[in-house]
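Residues per chain, in single letters:
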2 protein chains.
Amino acid sequence: MSDLLLRNLRPMGGPACDLLIRGGTIAELAPGLDAPGVPVEDARGAIAWPGFIEAHTHLDKTVWGMDWYADRKGGPLQNLIDNERNDRNRIGLEVHRQSMRHALHLVASGTRIIRSHVDVDTDHGRSLFDGLQATRAALAGMIEIEIVAFPQSGLMVRPGTLDLMDTVLASGADIVGGLDPCAIDRDPKGQLDALFALAEKHGKPIDIHLHEPGEMGAFSMEMILERTRAHAMQGQVAISHAFCLGSLPESRAAALMADLAREGVAVMTTGSPSASVPALRALRAAGVRVGAGCDGIRDTWGPWGLPDMLHRAQILGMKNGFRTDAELEVLLDVIGPGGAGAIGRKGHGLDPGAPGDLVLLAGSCPAEALTLCAPRPLVVKGGAVVARNGAPLRDIP
Amino acid sequence: MSDLLLRNLRPMGGPACDLLIRGGTIAELAPGLDAPGVPVEDARGAIAWPGFIEAHTHLDKTVWGMDWYADRKGGPLQNLIDNERNDRNRIGLEVHRQSMRHALHLVASGTRIIRSHVDVDTDHGRSLFDGLQATRAALAGMIEIEIVAFPQSGLMVRPGTLDLMDTVLASGADIVGGLDPCAIDRDPKGQLDALFALAEKHGKPIDIHLHEPGEMGAFSMEMILERTRAHAMQGQVAISHAFCLGSLPESRAAALMADLAREGVAVMTTGSPSASVPALRALRAAGVRVGAGCDGIRDTWGPWGLPDMLHRAQILGMKNGFRTDAELEVLLDVIGPGGAGAIGRKGHGLDPGAPGDLVLLAGSCPAEALTLCAPRPLVVKGGAVVARNGAPLRDIP
């Protein structure tokens with residue numbers, strides 16, 4: 001944890017001042033600060049934003065920088081899952097190397113925290129988790145990585161997966177993952193009871209992928225809400241995607257959103273362009289904590305995406321029909337302080353006492369910075385400069 | 001029109017060869033060509049694609065490079081239209097300068113032809129058209145610009161607009177534009193009769209924006225189809241957006257697509273992320289000619305978009321849930337030969353006799369080139385190099 005004096009920045013796009021970080025924590029903001037012996041960076045009037053929150057991605061999946069992957073398959077979901085599980089070894093998708101590439105690009109684009117799911121399945125055992133843990137260790141000090149143990153191929157339909165989940169959670173995974181209790185696991189009660197029991201045993205939060213559309217998704221969501229209440233896990237549960245909220249009648253979706261808000265269940269959205277996604281305006285108006293994520297980036301599932309939360313905020317904005325400056329500022333909140341709240345972090349801002357984690361943005365105001373999506377002039381983590389002019393200060397393997 | 005020998009390129013991603021352009025036209029493709037006295041460019045094994053077709057944009061609208069436009073409004077459509085018309089002069093949106101910026105970025109990203117709508121309304125008279133015509137003249141030899149006379153603020157609801165349309169079409173506009181005969185003009189019969197009469201008088205094709213959803217849009221589409229038949233304008237009519245095809249029941253949309261194919265009515269899609277758009281797979285399967293466009297780029301309507309057809313193809317691909325290499329090649333056809341067909345151009349390919357208009361792409365195969373969306377190494381128009389390494393060979397004002 002370092003000391004750093006940043007001169008002439010505009011916190012959250014406000015008036016220019018200096019910002020002093022001491023021991024990795026923001027100590028003071030004021031014009032004309034002086035701190036003898038402390039390294040100085042000149043922000044040249046750039047906007048400063050708290051480091052971005054990547055609240056939903058898969059660091060174990062990208063083929064970034066590998067030979068072109070020509071063997072992508074069409075849907076449905078089960079095809080994509082099986083194809084990936086079967087192809088990982090054949091194409092040499094080495095998780096430590098690939099997750100280093102992915103995470104270092106996220107460093108360069110100004111990310112403070114990544115919540116990454118990692119596949120736990122009986123074909124690969126804990127090896128993908130181990131690869132990601134190595135990346136977490138290698139990048140400590142540059143970026144924080146939360147690991148979700150994720151039974152991508154199903155929990156109930158693939159015996160042995162539950163034991164692996166237990167092992168991985170005992171070995172450092174932070175969060176209990178899951179997906180589609182009906183559509184993939186064909187046993188919503190069995191799966192959700194098992195996941196909540198795991199969470200209780202390990203004292204860890206939950207984050208469940210819910211791709212299920214319409215009333216099937218609503219049913220699964222209700223079952224998650226019931227267990228959140230029964231296990232007194234309010235504030236500790238998240239639902240990723242929650243596509244059903246985008247395809248249900250508005251009044252039905254609104255009632256579910258009210259329940260999510262009441263039980264403190266967060267929603268992680270990716271703004272998936274091809275899916276019906278929850279309306280960001282409605283989620284926020286209902287009081288649901290919302291985070292955003294880039295999801296998989298150039299992986300065996302699809303060729304799209306960039307490891308950059310500003311780029312994802314653009315996708316989310318286009319999807320939600322956002323146009324005004326106020327709406328663009330909502331997006332910057334979702335990938336900033338709002339997203340931090342969604343993953344359960346408090347005090348994520350540019351105030352004294354907050355972590356010395358920030359990113360400088362090019363643009364005259366926050367809305368323009370989001371539109372320009374230009375390379376980030378400087379990224380700071382715990383008072384240390386970790387990226388400059390869009391490149392991380394460490395070689396990408 | 002120039003001569004040029006391109007060495008070591010891969011036409012459409014196929015085997016490497018040389019390509020000779022003589023007098024602006026492709027003369028020969030073969031390995032080891034020799035052409036004494038002809039300028040040579042080394043393509044270093046890059047993929048070559050026919051120059052992209054930007055089939056739907058608005059060169060008269062962008063605020064690119066101007067001060068941040070903070071006054072965007074929310075919908076509905078009428079708000080966005082009125083706000084733009086009222087704000088153009090206040091913010092100094094000078095159409096010649098702005099369309100030069102927009103068009104030169106399209107040159108740099110490898111575009112051969114732009115079909116641009118230009119607003120014709122009683123507040124601005126023909127001035128926006130004149131600004132765009134100046135740009136067309138200034139960039140002759142670098143890019144082709146088709147101008148659609150577009151009554152953005154309505155034809156029937158704003159008396160005087162029809163006369164202006166007539167004037168502009170007599171002064172060099174290439175295509176009769178229109179929009180939303182029901183929702184905006186409140187007189188579908190009146191508007192469409194007037195537009196088809198204009199087209200007949202000037203002997204020019206038609207391209208109508210259709211944002212209307214569901215059965216209202218289907219009704220307007222039927223009226224356009226009826227008039228296409230009655231005026232024997234098969235192959236001369238296009239519908240831009242055609243959002244209704246994305247919100248109707250599949251069987252109803254399929255019947256309309258069959259009618260569009262039968263009457264040779266093309267569809268120009270933008271893959272609008274926030275709207276229900278026609279399914280690209282279904283349109284192509286029905287035999288509808290499809291072009292794609294970036295629509296407005298960073299204008300008073302919204303802050304999104306880039307003047308780059310590869311970027312638009314990505315948006316279109318994400319929206320349509322495309323993943324496989326074959327699907328990515330469909331996208332490259334829609335912005336290439338397929339798009340040329342949609343705007344009524346034949347012989348748009350890399351064959352002898354075709355225009356010497358091409359773009360080099362970085363990537364091992366066309367699908368990877370689309371994914372990477374890297375700066376274009378070289379853009380050639382009529383045998384002349386017009387852009388290199390992502391920058392046009394002319395200053396951007």
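Residues numbered from 1 in each chain as written. Chains lettered and ligands numbered in written order. Predicted model: local features only at pLDDT ≥ 70, side-chain atom pairs only at ≥ 80, totals over all residues. Heavy atoms only, no water.

- Identification of chain A as Amidohydrolase family protein from Rhabdonatronobacter sediminivivens is taken from an unreviewed UniProt entry.

**Focus: the packing of aromatic side chains**
Next, step 1: Scanning the model with the defined rule gives 0 aromatic pairs over all chains in all.
Next, step 2: Over the face of the ring belonging to Trp68 of chain A we find Arg72 of chain A, whose NZ or CZ atom lies 5.0 Å from the ring centre.
Next, step 3: For Arg298 of chain B, the ring lying beneath its charged end belongs to Trp64 of chain B, and the centroid distance is 4.3 Å. (Phe/Tyr/Trp six-rings, centres within 6.5 Å; stacked < 30°, edge-to-face > 60°. Lys NZ or Arg CZ within 6 Å of the ring centre and 35° of its normal.)

**Some details on the sheet that holds strand 6 (residues 52–57) of chain B**
Residues and elements named next belong to chain B.
Next, step 1: In space, the 8 strands of this open sheet follow the order 6-7-8-9-10-11-12-13, with parallel pairing throughout. Both edges of this open sheet fall to strand 6 and strand 13 (290–292), since each of them pairs with a single strand only. Across the sheet, the axes of successive neighbouring strands diverge by a mean angle of 25°, strand direction being ignored.
Next, step 2: Pairing of strand 6 with strand 7 (residues 111–119), which is carried by 4 bridges, proceeds in the parallel orientation. Across the sheet, Phe52 pairs through a bridge with Thr111, a residue of strand 7.
Next, step 3: Most of the contacts of helix 3 (residues 127–138) go to strand 8 (residues 144–150), to which it runs at about 170°, and overall it touches strand 7 and strand 8. (Pairing = 2+ DSSP bridges. Helix = DSSP H or I, 4+ residues; strand = E, 2+ residues; numbered from the N terminus. Axes fitted to C-alpha atoms, helices over the stretch in contact; angles between N-to-C directions. Contact = heavy atoms within 4.5 Å.)

**Section: the nonpolar core**
Next, step 1: Among the nonpolar cores identified, the biggest contains 180 residues, and Met221, Leu245 and Leu260 of chain A together with Met221, Leu245 and Leu260 of chain B are the most heavily contacted of them.
Next, step 2: Apart from residues lying up to four places away in sequence, Leu260 of chain A is in contact with Met221, Leu225, Ile239, Leu245, Val265, Val267 and Val288 of chain A.
Next, step 3: Ranked by size, the runner-up nonpolar core spans 17 residues in total, among them Leu4, Cys17, Ala43 and Leu358 of chain B. (Core = buried A, V, L, I, M, F, W, Y, C linked by side-chain atoms within 4.5 Å. Buried < 20%, exposed > 50% of the residue type's maximum accessible area, 1.4 Å probe, protein only.)

**What to know about the pattern of salt bridges**
Any two side chains of opposite charge can pair, on the condition that their charged atoms come close.
Next, step 1: Considering all chains together, one arrives at 70 salt bridges over all chains under this definition.
Next, step 2: Measuring nitrogen to oxygen at the nearest pair gives 2.8 Å for the salt bridge that ties Arg90 of chain A to Asp71 of chain A. Of the two residues, Arg90 of chain A sits in helix 1 (residues 77–91) while Asp71 of chain A sits in the loop between strand 6 (52–57) and helix 1, which places them 19 residues apart along the sequence.
Next, step 3: Here Arg88 of chain B makes a salt bridge to Asp119 of chain B, at a shortest N to O gap of 3.2 Å. Highlighted residues: Arg88 of chain B in helix 1 (residues 77–91) and Asp119 of chain B in strand 7, separated in sequence by 31 residues. In this pair, the class of Arg88 of chain B matches that of Asp119 of chain B, namely buried.
Next, step 4: Through salt bridges that share partners, Arg112, Arg115, Glu144, Glu146, Asp207, Arg345, Asp357 and Lys381 of chain A make up one connected network. (Salt bridge = Lys/Arg side-chain N within 4 Å of Asp/Glu carboxyl O.)

**Side note on the interface of chain A and chain B**
Next, step 1: Between chain A and chain B, the contact holds 35 residues from the first and 35 residues from the second.
Next, step 2: Regarding the contact of chain A and chain B, the summed buried area is about 2,800 Å², with carbon and sulfur atoms giving 64% of it.
Next, step 3: Looking only at chain A, the three residues that lose the most surface to chain B are Trp68, Trp304 and Arg323 of chain A, adding up to 31% of its buried area.
Next, step 4: Applying the counting criterion to the chain A and chain B interface returns 0 salt bridges.
Next, step 5: At the boundary of chain A and chain B, one finds 9 residue pairs in polar contact (both at pLDDT 80 or more).
Next, step 6: Only helix 10 (309–319), helix 11 (325–334) and helix 13 (366–372) of chain A provide two or more residues apiece to the side of chain A that touches chain B.
Next, step 7: Ranked by the residues each element gives to the side of chain A that touches chain B, the list is headed by helix 10 of chain A, at 6 residues.
Next, step 8: Looking at the side of chain A that touches chain B, its residues break down into 18 nonpolar, 10 polar and 7 charged. (Buried area = accessible area lost by both parts, 1.4 Å probe. Polar contact = N/O pair within 3.5 Å; in protein donor to acceptor, adjacent residues only side chain to side chain. Nonpolar A, V, L, I, M, F, W, Y, C, P; charged D, E, K, R; others polar.)

**Digging into the relation of the copies chain A and chain B**
Next, step 1: For the pair chain A and chain B, the relating rotation is 180°, the translation along its axis is 0.0 Å, and the fit reaches an RMSD of 0.0 Å. The two molecules are tied by a two-fold rotation axis, judged by turn and shift. Among all C-alpha atoms of chain A, that of Pro273 of chain A lies closest to the rotation axis, at 3.1 Å.
Next, step 2: Interface overlap between copies: 100% of the residues of chain A at the interface are likewise at the interface in chain B, consistent with a symmetric, same-surface contact. (Least-squares fit on C-alpha atoms with pLDDT ≥ 70 in both.)

**What to know about empty space enclosed by the protein**
Next, step 1: Enumeration according to the criterion identifies 2 cavities of 30 Å³ or more in this entry.
Next, step 2: Taken as a whole, the largest cavity spans an internal volume of roughly 80 Å³.
Next, step 3: Forming the walls of the largest cavity are Gly271, Pro273, Ile315, Met318 and Lys319 of chain A together with Pro273, Ile315, Met318 and Lys319 of chain B.
Next, step 4: Contributions of two or more residues to the lining of the largest cavity are made by helix 10 of chain A together with helix 10 (309–319) of chain B.
Next, step 5: Taken together, the residues of the lining of the largest cavity break down into 6 nonpolar, 1 polar and 2 charged.
Next, step 6: Roughly 40 Å³ of volume is contained in the second largest cavity.
Next, step 7: Looking at the lining of the second largest cavity, the elements with two or more residues in it are strand 7 (111–119), strand 14 (358–361) and strand 15 (378–381) of chain A. (1 Å grid on protein atoms, 1.4 Å probe; cavity = no way out; pocket = protein on both sides within 12 Å on 5 of 7 lines; lining within 4 Å. Points joined across faces, edges and corners; volume = space filled by probe spheres on them.)

**Quick look at the pairing of strand 12 (residues 266–269) of chain A**
Consecutive residues of a regular strand have side chains that alternate between opposite faces of the sheet.
Residues and elements named next belong to chain A.
Next, step 1: Neither face of strand 12 is open: one carries Ala266 and Met268, the other Val267 and Thr269, and all of them are buried.
Next, step 2: Looking at chain direction, strand 11 (residues 237–240) and strand 12 are connected through 3 bridges and run parallel. By the bridge assignment, Ser240 is partnered in strand 12 with Met268.
Next, step 3: As paired elements, strand 12 and strand 13 (residues 290–292) share 3 bridges and run parallel to each other. Bridge pairing in strand 13 links Met268 to Gly291.
Next, step 4: With respect to chirality, the unit in which strand 12 leads through helix 9 (residues 280–285) into the neighbouring parallel strand 13 is right-handed. (Right-handed = clockwise from strand over helix to strand, strands pointing away.)

**Considerations on the UniProt feature "domain: Amidohydrolase" (unreviewed entry) in chain A**
Next, step 1: As annotated by UniProt and renumbered to match this structure, "domain: Amidohydrolase" (unreviewed entry) occupies residues 40–386 of chain A.
Next, step 2: Secondary structure over residues 40–386 of chain A splits into 40% helix and 17% strand, and the C-alpha atoms at its two ends are 14 Å apart. (UniProt positions renumbered as here; feature names shortened; annotations may be inferred.)

**Topic: the side chain of Gln314 of chain A**
Next, step 1: Along the chain, Gln314 of chain A turns up in helix 10.
Next, step 2: Among the residues examined, Gln314 of chain A registers a relative accessible area of 14% and is labelled buried.
Next, step 3: One polar contact links the side chain of Gln314 of chain A to the main-chain carbonyl oxygen of Thr371 of chain A, over a distance of 3.0 Å.
Next, step 4: Residue contacts for Gln314 of chain A: discarding those within four places in its chain leaves Leu370, Thr371 and Cys373 of chain A together with Trp304 of chain B.

**Thoughts on the domain arrangement of chain A**
The extent of an interface is frequently quoted as the accessible surface area lost upon association of the parts.
Residues and elements named next belong to chain A.
Next, step 1: Taken domain by domain, chain A holds domain 1 (4–50 + 349–392) and domain 2 (52–342).
Next, step 2: The centre of domain 1, based on its C-alpha atoms, is set 29 Å off from the matching centre of domain 2.
Next, step 3: At the junction of the two partners, domain 1 supplies 21 residues and domain 2 supplies 23 residues.
Next, step 4: When the two sides are added together, the surface that domain 1 and domain 2 hide from each other amounts to roughly 1,900 Å², 71% of it contributed by carbon and sulfur.
Next, step 5: At the junction of domain 1 and domain 2, the tally comes to 3 salt bridges.
Next, step 6: A salt bridge links Arg376 to Asp308; the nearest nitrogen and oxygen atoms lie 2.9 Å apart.
Next, step 7: Our count for the domain 1 to domain 2 interface comes out at 8 residue pairs in polar contact (both at pLDDT 80 or more).
Next, step 8: When contributions to the side of domain 1 that touches domain 2 are tallied by element, the ones reaching two or more residues are strand 5 (47–50), strand 14, helix 13, strand 15, strand 16 (384–388) and strand 17 (391–392). (Domains from an automatic or database assignment.)

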